[in-house]
Amino acid sequence: MAGNTGMEQLIPIVNKLQDAFTQLGVHMQLDLPQIAVVGGQSAGKSSVLENFVGRDFLPRGSGIVTRRPLILQLIYHPHEYGEFLHKKGDRYTNFDEIRKEIEADTDRITGNNKGISNLPINLRVYSPNVLNLTLIDLPGLTKVPVGDQPQDIEQQIRNMIMTYISKDSCLILAVSPANSDLANSDALKLSKDADPDGLRTIGVITKLDLMDEGTDARDVLENKLLPLRRGYVGVVNRSQKDIDGKKDIKAAMAAERKFFLAHPAYRHVADRMGTPYLQRVLNQQLTNHIRETLPSLRDKLQKQLLAMEKEVEQYKHFRPDDPSIKTKAMLQMIQQLQNDFERAIEGSGSAAINTNELSGGAKINRLFHERFPYEIVRMEFDEKELRREIAFAIRNIHGIRVGLFTPDMAFDAIVKGQIARLKEPSLKCVDLVVQELTNVVRACTLKMSRYPRLQEETERIITTHIREREQICKESILLMNECELAYMNTNHEDFIGFANAQQTSETSSKSGRKLGNQVIRKGYMSISNLGFMKGGSRDYWFVLTSESLSWFKDEEERDKKYMLMLDGLKIKDIEQGFMSRRHVFALYNPDQRNVYKDYKELQLGVETQDDMDSWKASFLRAGVYPEKVSDSANGEEGSSEGSTSMDPQLERQVETIRNLVDSYMKIVTKTTRDLVPKSLMHLMINNTKEFINGELLAHLYASGDQSSMMEESPEEARKREEMLRMYHACKEALKIIGDVSMATVTTPMPPPVKDDWLSTGQDSPKIGQSGPPSPGGSMRKPISANVSRAPPPVPGGGRPAPAIPTRPTPAPPTRQGNAGGLPPPLIPSRPVPIVPPRMQDRPQVPQRPH
């Protein structure tokens, strides 16, 4: 496809931009404008489009030939061929076949009797000589229906055309034949409706070679008669005889050029006429559009370049095989690991603070002060079972004899059993702390992912050290437990002694274990078993004390909703619903009495499992224990042997031992809750921190070859190369944009013209008065009707200034030609001129009357 050199010059510019942006992975959307031809029937619209593309491919003939819109997409491609949307996959390399398929598809939809359809034909032409453009060939306007055309054919075609040319991205070629009256041009009227400001409209005058002899369209082409903002371009298309004779477009352009140079009315504007000039005008519009998109593309690139600048700085002088760089990188990463680990444990703050869940030191703190006490309290809740064990111990110690005194051996046996039970929650606390420390180490070593072997080795060394310290911690805690078992210090200052234990009643004992009415926990929960209308769907602010549970509207604690006493209540888990996101537990009364209003239980919902564990631990501190699921047979046996048959003396002894055990276990539990976290901090957490700060680097050096350990991961190498490539491609794209800006020029928009003639329709010049009718007579207009060339008034006189003739006649005007204020005589169509072409620009100065 050849014939449009301007487009071919634009192709390398667009291709360079496309290549640069493709390398960047940035979508460059130029959105070049569409070009649509509008005009009357047989005005030469299809020929204008063919000339712009530079190839024959559209149907030609007399009458209405284009009966469906043709949307022609030009797509840049190394190979030249055409493809229809309704025949995907079929490639047409012969453009005569494309013309035949257009005609055949038109007939398939509209019939072969001049019918029309607004269903478009989509044709894609791939070629190395085109830009990515969309050209639209539209049916010509007609007023009288013929054949199968509907009665409202004119309105249908007008609506069809308006749907395409109303888009802001569409350039309008308003095609009018020179041998018809321009004032009646439907193309100009439609263009004015779609483009009132004339920013997108270019007038095209065809069939200049078919005007009557002695007439011309000079005033129109000079934009004096019926002016447009972008003016008019005259073209001479091939005749049907030329097309039938296979006259190619290049030869037609040469003949067109010869016509304009030889014609006396057009030779002075020949450089602004013809198909090549129309191509240049349209190509300049494409250039303008490309240049208008460059600033936004440049801004996008500059932002991307600034974002990459800091990261690329470390890669610019990077040499992967340099040992000094590897050593420096290892030291920096170990130092970073030390800082990150300390921040994670000590909570000294970091830019990457986890805002979704507890982690590191905060989670370990929760393990120490909520989870570990919860495990201990949960272990000692079964009062009934403990009393049964004390009764069996007293009776077994007395044996066959009836004991008169409370045996202290029963106290030792029960206390040792209770102390031994402290091992399990203590060891579980160690396991949980180890798990969290391992998670912290794994998170801290993620920054070493650039060097996977270093990351793996570092994590292995630290985790191995933590496992070693775990064993030492567990041995220390077991030793602590054995120390408690080895000697019962009944002289401890907090121990009540036998005398006080015997005098303390069961009620005073229970009240003695209360914490007082202190606040244990506050937080939001929802009441799950209340209906929506009763407020069950919303969260309330709960305050838990050792004696009651209160809830308020919000954390300001002003609007109290209810206060529930905790005496005699138990706690149990509620199975989570299938669609429920909340974790639910319930408070209930074992005696089946109502807990809250008419409800047997109060179901409380929280967001996470951690919140539920924390609340349950707090309820345990308040004396609300979980339900006991025990074997009914054992319960009956225990009650028959331990409770029903218990005599008053044994009952007093059991109560004494119970008070002693309770007093001593408070001491042991307090010591355990204090020493286990301290042991973990000393033997594991602080020791691991010291190991990372002092010995980790030595272990890494001793573990193997540092050069192999510091080998980059393939992903990191690719990332570095990709970053550098993107950086250089971004700079190259900016350079190309600069080159394009320098190599191309934006043509400014022409100034507005007086085009109110378009809005007045047929009220413009009275063409019929200009002389004898002829097909081209409308192109020559009386001077008095030429608005843009009205003569200036003479100051101080009552007479108008003399009119300026379009072209002087062979005989010069008389001196009294305009005397008396009479209108100038009508000037007939010009024969062969006998004065120079620009003579008409000089005004005729009338002589003063004597």
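Up top you'll find the structure we're talking about.
So, a few notes on the structure that sits alongside this text.

What counts and what doesn't
Residues numbered from 1 in each chain as written. Predicted model: local features only at pLDDT ≥ 70, side-chain atom pairs only at ≥ 80, totals over all residues. Heavy atoms only, no water. Helix = DSSP H or I, 4+ residues; strand = E, 2+ residues; numbered from the N terminus. Salt bridge = Lys/Arg side-chain N within 4 Å of Asp/Glu carboxyl O. Pairing = 2+ DSSP bridges. Phe/Tyr/Trp six-rings, centres within 6.5 Å; stacked < 30°, edge-to-face > 60°. Lys NZ or Arg CZ within 6 Å of the ring centre and 35° of its normal. Buried < 20%, exposed > 50% of the residue type's maximum accessible area, 1.4 Å probe, protein only. Contact = heavy atoms within 4.5 Å. Polar contact = N/O pair within 3.5 Å; in protein donor to acceptor, adjacent residues only side chain to side chain. Axes fitted to C-alpha atoms, helices over the stretch in contact; angles between N-to-C directions. 1 Å grid on protein atoms, 1.4 Å probe; cavity = no way out; pocket = protein on both sides within 12 Å on 5 of 7 lines; lining within 4 Å. Points joined across faces, edges and corners; volume = space filled by probe spheres on them. Nonpolar A, V, L, I, M, F, W, Y, C, P; charged D, E, K, R; others polar. Parallel < 35°, antiparallel > 145°, perpendicular 65-115°, else oblique. Left-handed = near helix turned anticlockwise from the far one by under 90°. Core = buried A, V, L, I, M, F, W, Y, C linked by side-chain atoms within 4.5 Å.

A look at the environment of K416
Reasoning step 1: By the secondary structure assignment, K416 is in helix α13 (residues 408-420).
Reasoning step 2: On a C-alpha basis, the gap between K416 and N481 in space is 9.9 Å, while along the polypeptide they are 65 residues apart.

Quick word on the pattern of salt bridges
Reasoning step 1: Taken as a whole and judged by the stated rule, the model has 26 salt bridges.
Reasoning step 2: Put simply, E601 and K572 hold a salt bridge, and the shortest N to O gap is 3.1 Å. Here E601 is found in strand β15 (residues 601-606), whereas its partner K572 is found in strand β13 (residues 570-574), with 29 residues between them in sequence.

Topic: the pairing of strand β9 (residues 519-527)
Reasoning step 1: Of the strand pairs in this sheet, β9 and strand β10 (residues 539-545) are connected by 7 bridges, and their pairing is antiparallel. By the bridge assignment for β10, K522 is matched with V543.
Reasoning step 2: In the sheet, β9 pairs with β15 via 2 bridges, with the strands oriented antiparallel. Within the sheet, the bridge partner assigned to S526 lies in β15 and is G605.

A look at the packing of aromatic side chains
Reasoning step 1: Going through the model one piece at a time under the given rule, you end up with 13 aromatic pairs.
Reasoning step 2: Between F259 and Y266, the aromatic rings sit 6.2 Å apart at their centres with planes inclined by 45°, giving tilted as the arrangement.
Reasoning step 3: An aromatic cluster is defined as three or more aromatic residues linked by ring pairs; in this entry it consists of F542, W551, Y562, Y596 and Y599.
Reasoning step 4: Over the ring of W615 we find R521; its NZ or CZ atom is 4.9 Å from the centre of that ring.
Reasoning step 5: Across from the ring centre of Y588, 5.1 Å away, lies the NZ or CZ of K572, which sits over that ring.

Considerations on helix α5 (residues 186-194)
Reasoning step 1: Of all 9 residues in α5, 7 are buried, a share of seventy percent or more.
Reasoning step 2: Looking at the buried side of α5, the elements it contacts are β1 (34-39), α4 (153-165), β6 (170-177), β7 (201-206) and β8 (232-234).
Reasoning step 3: By the N-cap criterion, in which a side-chain oxygen at the helix start approaches the backbone nitrogen of a residue two or three places on, α5 is capped by S185, the distance to A187 being 3.4 Å.

Digging into the sheet that holds strand β2 (residues 70-76)
Within a sheet, each strand pairs with its neighbour through backbone hydrogen bonds, oriented either parallel or antiparallel.
Reasoning step 1: Taken together, the 8 strands give an open sheet; going across it, the order is β3-β4-β2-β5-β1-β6-β7-β8, and neighbouring strands pair in mixed fashion. Looking at the sheet topology across the chains shown, the edges are occupied by β3 (81-84) and β8. Strand-to-strand twist across the sheet, computed as the mean angle between neighbouring axes with direction ignored, equals 25°.
Reasoning step 2: Against the sheet, helix α3 (residues 95-110) touches β2, β3 and β4 (121-127), its axis set at about 170° to β4.

A closer look at empty space enclosed by the protein
Reasoning step 1: Summed over the entire model, instances satisfying the criterion amount to 6 cavities of 30 Å³ or more.
Reasoning step 2: What lines the largest cavity is simply I419, L422, K423, S426, I477, M480, N481, E484, T672 and V676.
Reasoning step 3: Listed by contribution, the elements that provide at least two residues to the lining of the largest cavity are α14 (423-445), α15 (452-486) and α20 (648-694).
Reasoning step 4: The biggest single contributor to the lining of the largest cavity is α15, with 4 residues.
Reasoning step 5: Taken together, the residues of the lining of the largest cavity sort by class into 5 nonpolar, 3 polar and 2 charged.

Points about the sheet that holds strand β16 (residues 625-626)
Reasoning step 1: The mixed open sheet is built from 8 strands, whose spatial order is β12-β11-β10-β9-β15-β14-β13-β16. A strand with exactly one partner marks an edge of an open sheet, and here the two such strands are β12 (560-565) and β16.
Reasoning step 2: Across the sheet, helix α18 (residues 609-621) is in contact with β9, β10, β11 (548-552), β13, β14 (583-588), β15 and β16; its angle to β9 comes to roughly 130°.

Quick look at the packing of α14 against α15
Reasoning step 1: Between α14 and α15, the shortest axis-to-axis distance is 10 Å and the interhelical angle comes to 165°. The orientation of α14 relative to α15 falls into the category roughly antiparallel. Seen from above, α14 lies across α15 with right-handed handedness. Every residue of α15 that contacts α14 at K423, S426, L427, V430, D431, V434, L437, V441, R442 and T445 is listed here: Q455, T458, E459, I462, I466, R467, E470, C473, K474, I477, L478 and N481.
Reasoning step 2: Of the residues in the contact of α14 with α15, the class split is 10 nonpolar, 5 polar and 7 charged.

Some details on the nonpolar core
Reasoning step 1: If you look at the biggest cluster of nonpolar residues, it comprises 60 residues, and the most contacted ones within it are V433, L454 and L680.
Reasoning step 2: Counting residues per element, the ones that place at least two in this core are α10 (323-346), α11 (361-379), α12 (383-398), α13, α14, α15, α20 and α21 (696-703).
Reasoning step 3: Sort the elements by how many residues they give to this core and α20 lands first, with 15 residues.
Reasoning step 4: In this structure, L454 is in contact with M330, M333, M448, L700, M709 and M710, ignoring residues within four places of it in sequence.

In short, the description is geometric, and any link to function would need to be established separately.
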